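Summary of structural features
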Amino acid sequence: CEILGVGKMTIPSALAVKEREFTGVSVTAEQWLPMEEVPENQLLEYIQNLKSAGWSIVAVEQASKSVPLHSFKFPEKCAIILGKEREGVPVEILNHVDHCVEIPQHGLIRSFNVHVTGSIVLWEYVRQRIQ
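What comes next concerns the included structure. (Residues numbered from 1 in each chain as written. Predicted model: local features only at pLDDT ≥ 70, side-chain atom pairs only at ≥ 80, totals over all residues. Heavy atoms only, no water.)

Another point: the side chain of Thr117. Its location among the elements puts Thr117 in helix H4 (residues 114–130). Taking the relative accessible area as the measure of exposure, Thr117 reaches 12% and is therefore buried. Setting aside anything within four residues of it in sequence, one finds Thr117 in contact with Val60, Leu82, Ile103 and Phe112. (Helix = DSSP H or I, 4+ residues; strand = E, 2+ residues; numbered from the N terminus. Buried < 20%, exposed > 50% of the residue type's maximum accessible area, 1.4 Å probe, protein only. Contact = heavy atoms within 4.5 Å.)

Below is the structure:
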């Protein structure tokens, strides 16, 4: 995230940055990227506050109204919602997002790990800004 210029990352628990799974993937990037703890039970309120402040909310999920990532034009000011491993973005959150995108996939599994999904989506956001 930091290498692509993400302004801030929200995480459900500040303790996550100390977990081996997180540190193994982040490779110290958490030291350079502002993080904000938003517990799951406060996520909907957080999203509503972002929307009130003029942010567009973009979820990444395979849903009935998802558009393919390569067809989507990211708003300049957007917050990207990634789901949990194996669970995705909860329906109660999807009901409050402005846009839903998915990464077209082929094959049997039809799922990326969340850190891979985040990387692909963030790159597409950046790619659209540098053209």
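That covers the picture; the talk isn't over yet.
So, about the pattern of salt bridges. Taken as a whole, this structure holds six salt bridges when the rule is applied. Here Asp98 ties to Lys51 by a salt bridge, and the two come within 3.4 Å at their closest N and O atoms. Of this pair, Asp98 sits in the loop between helix H3 (91–94) and strand E6 (99–102) while Lys51 sits in helix H2 (residues 43–52), and the two are 47 residues apart along the sequence. In this structure, Lys84 and Glu87 form a salt bridge, with 3.9 Å as the shortest nitrogen-oxygen distance. A relative accessible area of 39% places Lys84 in the partly exposed class. (Salt bridge = Lys/Arg side-chain N within 4 Å of Asp/Glu carboxyl O.)

Let us now look at the pairing of strand E3 (residues 56–60). Among the five residues of E3, five are classified as buried, and the element is accordingly described as predominantly covered. Of the two faces of E3, the one carrying Ser56, Val58 and Val60 and the one carrying Ile57 and Ala59 are both buried. Looking at chain direction, E3 and strand E5 (residues 78–81) are connected through four bridges and run parallel. The residue bridging Ile57 from the neighbouring strand is Ala79, located in E5. Examined bridge by bridge, E3 and E6 share three bridges and lie parallel to one another. (Pairing = 2+ DSSP bridges.)

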